[in-house]
Amino acid sequence: MIDPKKDLLYRLADDQLILGHRNSEWNGLGPILEEDIAFSSMAQDKLGHALQLYSLLHELGEAEPDTVAFTRNAGQFHCCQLVELPIGDYAFSLMRHFLFDHAELLRFEALTASSYEPLAQVARKLKGELKYHVLHANTWIRQLGTSTDEAIEKLQAALDLTLPYALALFEKTEAEPAIIAEGIFIGEDALRQQWLENISRVLSQTALELPDVTTISPGEGGRHGVHTEFLQPLLDEMAEVFRLDPTADW
Amino acid sequence: MTEATILSWLDEVKDPEIPVVSLVDLGVIRRVQIAPDGHVSVWMTPTFSGCPAMDYMRRDVERVLCEHGVANHTVSMSLEEAWSSNDVTERGRQALREFRLSPPPPHQGIIDLDILEYAECPHCGSHNTELRSPFGPTLCRALHYCFDCRQGFEQFKPV
């Protein structure tokens, strides 16, 4: 059975890498200059976070970060399906960012108390940066979620569409009992509960309605290597230059 | 050669994107140690984990050590003591102001919305300002606006 630390790190790192790549696709296309900069900055942050986490995997005996990031195929990725979906329109990307980063901030706050000290150190660094992501998401969800009918309709549609995938952020793997028992992480159920409270609080300040999550079946599979048709093309594009000459020194 | 001498050499190394502040004043140089055999170790820590300037800064530190004849050295990046904007020295803060970049407000370790949104206008000193976007031209800067002198300005983000 896979080392529980590696199992957790792959999930964390792959989420960061793939959403970082998706965020970068807004570069030059943002609806206003500030949002172009914001999504590009968050992309840069997420790639930095992925590098820190792949470096921990490397310390545990896995391949170099670049090799791990650029040479695997979709079936070897452990990201949730939420992060691999195309950027869609701005409402979709904003809602995905809101749902994802609320979970990430809580996740890394909890990880600061991890028994696996190298990960706790990385978490202490990342949580400060993630605060800005959540601040950014909350600002726009509150602002647009209380503005015109068109904005509210678009955001509500984005929420309905992304929520099943967001619930799969908390998909468990076989390593879950060991991760909790060894004090590496509080576990996905505890995280999901806190996340629901936090996103509900922000959404209640808007005209948006959170669908009843008990009636939704989460879009799971990502943590076990089952992905949408969108991941492989993303990986092909992301690794295109690297694969031309994997030994090149950039 | 003492650790203090090495720190004074490293004062030459500036942030490539904010060329008025040294890495020592920024708090990025964590520790310098000279081993009994003369080997010099320097520990650095990133301001933001995705900061693309960190590699340049590390190479600049290595270059300065070599220029001062310290061939036997190790420069490493560590998150052991994560960087906080509180680590920017008073001299560093003054240099940021003169560069017209609002320095990060000191905090007690907990960064709430009040701290994130607060900034002093580096042009007129007013506190009648507003956070426009937490993301600016580099990861470490946020965009603010001053209602008194009616200018946009950037702030070095509190972390």
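Our structure is the block above this text.
The paragraphs below set out a description of the structure included in this document. Everything numeric here is computed off the predicted structure, so don't read it as measured data.

1. What to know about the overall build of chain A
Moving on, step 1. The helix and strand tally for chain A stands at ten helices and zero strands.
Moving on, step 2. Helices and strands in chain A line up, N terminus first, as α-α-α-α-α-α-α-α-α-α.
Moving on, step 3. For 250 residues, the compact-globule estimate of 2.2 N^0.38 gives 18 Å, and the C-alpha radius of gyration of chain A, at 18 Å, lies within 12% of that figure.
Moving on, step 4. A principal-axis box enclosing the C-alpha atoms of chain A has dimensions of 50 × 45 × 30 Å.

2. As for a nonpolar patch on the surface
Residues and elements named next belong to chain A.
Moving on, step 1. There is a patch of nonpolar side chains on the surface, built from Val241, Leu244 and Trp250 and spanning about 430 Å² of accessible area.
Moving on, step 2. With respect to the helices and strands, Leu244 occurs in helix α10 (residues 231-244).
Moving on, step 3. A residue is classified by how much of its surface remains accessible, and Leu244, at 72% relative accessible area, is exposed.

3. Things to note about helix α1 (residues 4-24) of chain A
Residue and element names in this part refer to chain A.
Moving on, step 1. Taking 1.5 Å of rise per residue, the 21 residues of α1 would be expected to cover 30 Å, and the 30 Å separating its terminal C-alpha atoms lies within 8% of that figure.
Moving on, step 2. Among the 21 residues that make up α1, 19 are buried, leaving the element largely enclosed by the rest of the structure.
Moving on, step 3. Where α1 begins, the capping side chain belongs to Asp3, and its oxygen is found 2.8 Å from the backbone nitrogen of Lys5.

4. Focus: the interface of chain A and chain B
Moving on, step 1. Across the boundary between the two partners, chain A contributes 21 residues, which contact 23 residues of chain B.
Moving on, step 2. Interface area for chain A against chain B, summed over the two sides, is near 2000 Å², with a carbon-plus-sulfur share of 66%.
Moving on, step 3. The largest per-residue losses of area from chain A upon contact with chain B belong to Lys125(A), Tyr132(A) and Leu135(A), which jointly make up 37% of the total buried on that side.
Moving on, step 4. Linking chain A with chain B are zero salt bridges, by the criterion used here.
Moving on, step 5. Looking at which element gives the most residues to the side of chain A that touches chain B, the answer is helix α6 (residues 117-144) of chain A, with eleven residues.
Moving on, step 6. When its residues are assigned to classes, the side of chain A that touches chain B shows seven nonpolar, nine polar and five charged.

5. Notes on the sheet that holds strand β3 (residues 29-34) of chain B
Residue and element names in this part refer to chain B.
Moving on, step 1. Taken in spatial order, the three strands line up as β3-β4-β5 in an open sheet, and their pairing is mixed. Strand pairing shows two members of the sheet lacking a second neighbour, β3 and β5 (73-77), which therefore form its edges. This sheet shows a mean twist of 15° between the axes of neighbouring strands, independent of strand direction.
Moving on, step 2. Bridge analysis of strand β4 (residues 40-44) against β5 gives five bridges, and the strand direction is parallel. By the bridge assignment, Trp43 is partnered in β5 with Ser76.
Moving on, step 3. Contacting β3 and β4, helix α1 (residues 3-10) crosses the sheet at an angle of about 135° to β3.
Moving on, step 4. Contacts from helix α3 (residues 54-67) reach β3, β4 and β5, with the element oriented near 165° to β5.

6. Remarks on the pairing of strand β2 (residues 18-22) of chain B
All names here are of chain B.
Moving on, step 1. Of the pairings in the sheet, the one linking strand β1 (residues 14-15) to β2 comprises two bridges and is antiparallel in character. Residue Asp15 lies in a different strand from β2, and its bridge partner there is Ile18.
Moving on, step 2. Hairpin connection of β1 to β2: two residues between the antiparallel strands.

7. Looking at the pattern of salt bridges
Moving on, step 1. Within this structure, the stated rule accounts for 22 salt bridges over all chains.
Moving on, step 2. One salt bridge in this structure joins Glu90(B) and Arg97(B), with 3.8 Å as the shortest N-O distance.
Moving on, step 3. A relative accessible area of 25% means that Arg97(B) is categorised as partly exposed.
Moving on, step 4. One salt bridge connects Glu120(B) with Arg97(B), and the closest N-O pair in it is separated by 3.9 Å. Separated by 23 residues along the polypeptide, Glu120(B) in the loop between α5 (113-117) and β7 (129-133) and Arg97(B) in helix α4 (residues 90-98) bring together distant segments of the chain.
Moving on, step 5. Classification of Glu120(B) as partly exposed rests on a relative accessible area of 26%.
Moving on, step 6. Overlapping salt bridges, with partners in common, bring together Asp7(A), Arg11(A), Glu104(A), Arg107(A) and Glu188(A) in one network.

Conventions adopted
Each chain has its residues counted from 1, running along the sequence as written. To read the labels, note that chains go from A and ligands from 1, taken in the order they are written. Side-chain atom pairs in this predicted model are given and counted only at pLDDT of 80 or more, local residue features only at pLDDT of at least 70, and totals for whole chains, interfaces and linings cover all residues. To get the side-chain values, all heavy atoms of the structure are used, and hydrogens and water are removed first. Only DSSP runs of H or I with at least four residues qualify as helices, and only runs of E with at least two residues qualify as strands; both kinds are numbered from the N terminus onward. Our radius of gyration is a C-alpha quantity, and the globule rule it is checked against amounts to 2.2 Å times the number of residues to the power 0.38. Patch membership requires more than 30% relative accessible area and the absence of a salt bridge. Residues of like charge join within 9 Å; the nonpolar side chains Val, Leu, Ile, Met, Phe, Trp and Tyr join within 5 Å. Residue-level accessible areas treat just the shown protein chains as cover; the underlying method is Shrake-Rupley with a 1.4 Å probe. By definition, a salt bridge exists where a carboxyl oxygen of Asp or Glu is found within 4 Å of a side-chain nitrogen of Lys or Arg. Note on classification: 1.4 Å probe, protein chains only; a residue is buried when its accessible area is under 20% of the maximum for its type, exposed when over 50%, partly exposed between these limits. The span expected for a helix works out to 1.5 Å for each residue beyond the first. Counted as a polar contact is a pair of N or O atoms within 3.5 Å, where, for protein atoms, one must be capable of donating a hydrogen and the other of accepting one, and residues adjacent in sequence contribute only when both atoms are in side chains. The contact criterion used throughout is that any non-hydrogen atoms of two residues lie within 4.5 Å. The term buried area refers to how much accessible surface (probe radius 1.4 Å) is lost by two components on association, counted for both of them together. Any residue that is not Ala, Val, Leu, Ile, Met, Phe, Trp, Tyr, Cys, Pro, Asp, Glu, Lys or Arg is counted as polar, Gly included; the first ten are nonpolar and the last four charged. Two strands pair if DSSP finds at least two bridges between them. The axes are straight lines fitted to the C-alpha atoms, using for helices just the contacting stretch, and the angles between their N-to-C directions are given from 0 to 180°.

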